[in-house]
Protein chains: 2
Amino acid sequence: MTAATPGRPLRADAARNRAKVLEAAGAVFAERGPSASTEEVARRAGVGAGTVFRHFPTKEALLEAVLVALLEDHAREARARIEHDDPGAAFFGFFTRVVERAATKNALSGALADAGIDPRQATGEAGAALKRALGTLLERAQAAGAVRADVTLAEVLALLAGMSHAAGHGGDGRALEIVFDGLRPR
Amino acid sequence: MTAATPGRPLRADAARNRAKVLEAAGAVFAERGPSASTEEVARRAGVGAGTVFRHFPTKEALLEAVLVALLEDHAREARARIEHDDPGAAFFGFFTRVVERAATKNALSGALADAGIDPRQATGEAGAALKRALGTLLERAQAAGAVRADVTLAEVLALLAGMSHAAGHGGDGRALEIVFDGLRPR
DNA sequence: AATGATTCGGAGTGTTCGCTCCGATTCTAG
DNA sequence: CTAGAATCGGAGCGAACACTCCGAATCATT
């Protein structure tokens with residue numbers, strides 16, 4: 001429940017502040033990690049602590065909202081690649097892109113899991129949309145012969161989640177290439 | 001500094017309590033995550049809070065000690081496999097084993113990183129020993145033709161770290177197989 | 001422009017948790 | 001067995017932090 005149902009259309013300044021808080025939260029959590037205090041988010045957004053909690057009733061809700069925004073961004077990019085790139089390049093390019101931008105996302109879902117919340121359920125529609133887009137990317141790449149036909153979406157998701165966490169561990173660029181070799185037909 | 005230098009040999013009950021605390025910490029952090037309180041560790045170990053802090057002067061030191069114990073355990077197993085299994089089976093078997101047992105390790109190093117501590121530096125010798133053992137495993141597997149010759153230890157470490165985090169994401173069993181396919185010669 | 005409703009800000013609250021302190025307890029040397 | 005030292009236990013301290021409350025400020029409507 002991340003304030004999904006706008007009972008009333010939200011006042012102008014309220015909407016502006018909500019956006020500022022969300023953006024500040026994204027930046028702060030990316031820099032200082034999800035354990036950064038809500039007060040720091042409020043300071044960065046230029047609002048009071050009360051304002052943060054009115055829009056996001058709990059810290060977990062704020063983490064969720066940031067994570068959802070990230071997933072929506074990814075899904076948007078996946079759909080763009082479906083239209084513009086060729087099947088193989090679209091799939092591998094998107095995979096690489098998600099891995100590159102994964103640092104924040106991992107920390108967020110880790111923090112949610114730590115609080116006893118299932119990230120997959122929390123992200124709801126946003127996660128499902130990203131999954132659908134990735135599924136399309138995969139199907140097209142398989143149809144074009146760029147990816148083995150016996151690979152399932154669940155396996156790709158596992159690999160994506162895994163390699164996202166491998167970033168920053170040294171030889172992660174070539175490590176991705178090794179995974180891609182495993183995904184390609186022999 | 002995880003009480004590495006025994007200035008004096010440590011009294012009998014002190015050594016016993018230290019071991020109890022370390023074991024309890026391993027269990028508690030595995031179950032409740034690294035954010036579990038030290039008091040819970042003390043309770044589980046059947047000692048007072050003061051005792052925990054005498055042996056591990058800070059909570060981070062306790063997390064470090066648990067992580068080091070895990071790494072030492074892995075290194076021990078790697079050396080055992082070097083002696084008993086054939087090169088290919090030793091390498092892939094050890095890789096699989098580490099991934100299976102990775103849940104706790106990941107949470108621990110995550111928590112350390114969150115506290116501004118570099119896990120690689122903190123684990124010191126234990127991490128280096130594990131790295132050496134894995135290096136031997138890799139060389140032997142490559143010499144036997146079970147693993148591509150152009151793969152480096154750094155890349156294997158990145159893949160290992162990554163796939164450790166992929167556990168529990170659904171199709172992680174077959175996902176590992178895909179990575180292994182990428183590691184094998186064509 | 002004025003009024004009523006909504007939102008803002010930040011001081012304040014209650015709680016959690018890491019860590020300390022010291023009297024009581026347990027161990028070891030002679 | 002006994003004295004002296006090392007260790008233990010857990011109540012208590014202080015800081016950090018998520019969250020609340022309410023007077024002041026801002027917005028929408030007539």
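Residues numbered from 1 in each chain as written. Chains lettered and ligands numbered in written order. Predicted model: local features only at pLDDT ≥ 70, side-chain atom pairs only at ≥ 80, totals over all residues. Heavy atoms only, no water.

## Digging into the packing of helix α4 (residues 59-84) of chain B against helix α5 (residues 87-100) of chain B
If you want to describe how two helices pack, look at the angle between their axes and the distance between the axes. Residue and element names in this part refer to chain B. Axis separation between α4 and α5 bottoms out at 10 Å; the angle between their running directions is 160°. Relative to α5, the element α4 is oriented roughly antiparallel. When you trace α4 past α5, the crossing you get is right-handed. Taking contact as the criterion, the partners of His 74, Glu 77, Ala 78 and Arg 81 in α4 are, on α5, Ala 90, Gly 93, Phe 94, Arg 97 and Val 98. (Axes fitted to C-alpha atoms, helices over the stretch in contact; angles between N-to-C directions. Helix = DSSP H or I, 4+ residues; strand = E, 2+ residues; numbered from the N terminus. Parallel < 35°, antiparallel > 145°, perpendicular 65-115°, else oblique. Left-handed = near helix turned anticlockwise from the far one by under 90°. Contact = heavy atoms within 4.5 Å.)

## Side note on the interface of chain B and chain A
Between chain B and chain A, the contact holds 31 residues from the first and 31 residues from the second. Between chain B and chain A, the buried area comes to about 2500 Å², and carbon and sulfur atoms account for 54% of it. The tally of links from chain B across to chain A stands at four salt bridges. One salt bridge in this structure joins Asp 181 of chain B and Arg 148 of chain A, with 2.8 Å as the shortest N-O distance. Looking at the side of chain B that touches chain A, the elements that each hand over two or more residues are α8 (153-166) and α9 (172-183) of chain B. In terms of residue count, the dominant contributor to the side of chain B that touches chain A is α8 of chain B (nine residues). (Buried area = accessible area lost by both parts, 1.4 Å probe. Salt bridge = Lys/Arg side-chain N within 4 Å of Asp/Glu carboxyl O.)

## A word on the packing of aromatic side chains
Scanning all chains against the criterion turns up eight aromatic pairs over all chains. Measuring from centroid to centroid gives 5.2 Å for Phe 91 of chain A and Phe 92 of chain A, while their planes differ by 80°, and the two rings are edge-to-face. Given the relative accessible area of 0%, Phe 91 of chain A is considered buried. We classify Phe 92 of chain A as buried; its relative accessible area is 11%. When the ring of Phe 95 of chain B is compared with that of Phe 180 of chain B, the centres are 5.3 Å apart and the planes differ by 90°; the resulting orientation is edge-to-face. (Phe/Tyr/Trp six-rings, centres within 6.5 Å; stacked < 30°, edge-to-face > 60°. Buried < 20%, exposed > 50% of the residue type's maximum accessible area, 1.4 Å probe, protein only.)

## Some details on the side chain of Ser 109 of chain A
Following the sequence through the fold, Ser 109 of chain A ends up in helix α6 (residues 102-114). Ser 109 of chain A sits in the buried class, given a relative accessible area of 18%.

## A short note on the relation of the copies chain B and chain A
The transformation that overlays chain B on chain A combines an axial shift of 0.1 Å with a rotation of 180°, and the residual RMSD is 0.0 Å. Such values leave the two copies arranged in the relation of a two-fold axis. Interface residue correspondence from chain B to chain A reaches 100%, placing this contact among same-surface, isologous pairings. (Least-squares fit on C-alpha atoms with pLDDT ≥ 70 in both.)

## Some thoughts on the protein's contact with DNA strand C
Lining the immediate environment of DNA strand C, one finds 22 residues, of which Arg 11, Asn 17 and Arg 54 of chain A together with Thr 58 and Lys 59 of chain B sit closest. In DNA strand C, atoms within 4 Å of the protein come from the sugar-phosphate backbone in 68% of cases. The separation between a phosphate oxygen of DNA strand C and a polar side-chain atom of Thr 58 of chain B is 2.8 Å. Looking at the surface near DNA strand C, the elements that each hand over two or more residues are α1 (12-32) and α3 (49-55) of chain A together with α1 (12-32) of chain B. Here the surface near DNA strand C gets five residues from one element, more than from any other, and that element is α3 of chain A. Among the residues making up the surface near DNA strand C, the classes are represented as six nonpolar, nine polar and seven charged. (Near = heavy atom within 4 Å. Polar contact = N/O pair within 3.5 Å; in protein donor to acceptor, adjacent residues only side chain to side chain. Nonpolar A, V, L, I, M, F, W, Y, C, P; charged D, E, K, R; others polar.)

## Describing the UniProt feature "domain: HTH tetR-type" (unreviewed entry) in chain A
Within this structure's numbering, the places UniProt gives as "domain: HTH tetR-type" (unreviewed entry) are residues 15-74 of chain A. Between the C-alpha atoms that bound residues 15-74 of chain A the distance is 23 Å, and the span itself is 82% helix and 0% strand. (UniProt positions renumbered as here; feature names shortened; annotations may be inferred.)

## As for unusual backbone geometry
Residues and elements named next belong to chain A. Positive phi is not limited to glycine here, since Leu 10 has a value of about 70°. Here Leu 10 lies in the segment before α1. The class of Leu 10 is partly exposed, set by a relative accessible area of 48%.

## So, the protein's contact with DNA strand D
Around DNA strand D sit 21 residues, and of these Thr 58 and Lys 59 of chain A together with Asn 17, Gly 50 and Arg 54 of chain B come closest. Considering the 4 Å shell around the protein, atoms of DNA strand D inside it are sugar or phosphate in 67% of instances. Contact between DNA strand D and Ala 12 of chain A: a phosphate oxygen at 3.3 Å from a main-chain N or O atom of the residue. Arg 54 of chain B places a polar side-chain atom, nitrogen or oxygen, 2.6 Å from a phosphate oxygen of DNA strand D. For the surface near DNA strand D, the element with the highest residue contribution is helix α3 (residues 49-55) of chain B, accounting for five residues. Counted by class, the surface near DNA strand D contains five nonpolar, nine polar and seven charged residues.

## Notes on the nonpolar core
Counting residues in each nonpolar core, the largest one holds 66 residues, and the members touching the most others are Phe 91 and Phe 95 of chain A together with Phe 91 and Phe 95 of chain B. Setting aside residues no more than four positions away along its own chain, Phe 91 of chain A makes contact with Leu 134, Leu 137, Leu 138, Ala 141, Val 147, Val 156 and Leu 183 of chain A. With 22 residues, the next largest nonpolar core counts Ala 25, Val 28, Ala 36 and Val 52 of chain A among its residues. (Core = buried A, V, L, I, M, F, W, Y, C linked by side-chain atoms within 4.5 Å.)

## A look at the UniProt feature "DNA-binding region" (unreviewed entry) in chain A
Per the UniProt annotation, the sites labelled "DNA-binding region" (unreviewed entry) are residues 37-56 of chain A. Helix makes up 75% of residues 37-56 of chain A and strand 0%, whereas the separation of the span's terminal C-alpha atoms amounts to 14 Å.

## Considering the domain arrangement of chain A
All names here are of chain A. Examined at the domain level, chain A breaks down into domain 1 (10-57) and domain 2 (59-183). Spacing between the C-alpha centres of domain 1 and domain 2 amounts to 26 Å. Taken together, the contact between domain 1 and domain 2 spans 15 residues of the former and 10 residues of the latter. Buried area between domain 1 and domain 2, summed over both chains or domains, comes out near 980 Å², and the portion from carbon and sulfur atoms is 84%. The three residues of domain 1 that bury the most area against domain 2 are Phe 29, Pro 34 and Phe 56, which together make up 49% of that side's buried surface. For the interface between domain 1 and domain 2, the tally reads zero salt bridges. The interface formed by domain 1 and domain 2 holds two residue pairs in polar contact (both at pLDDT 80 or more) in total. Every element with two or more residues in the side of domain 1 that touches domain 2 is listed here: α1, α2 (38-45) and α3. Looking at which element gives the most residues to the side of domain 1 that touches domain 2, the answer is α1, with six residues. A breakdown of the residues in the side of domain 1 that touches domain 2 according to their chemical character gives 12 nonpolar, three polar and no charged. (Domains from an automatic or database assignment.)

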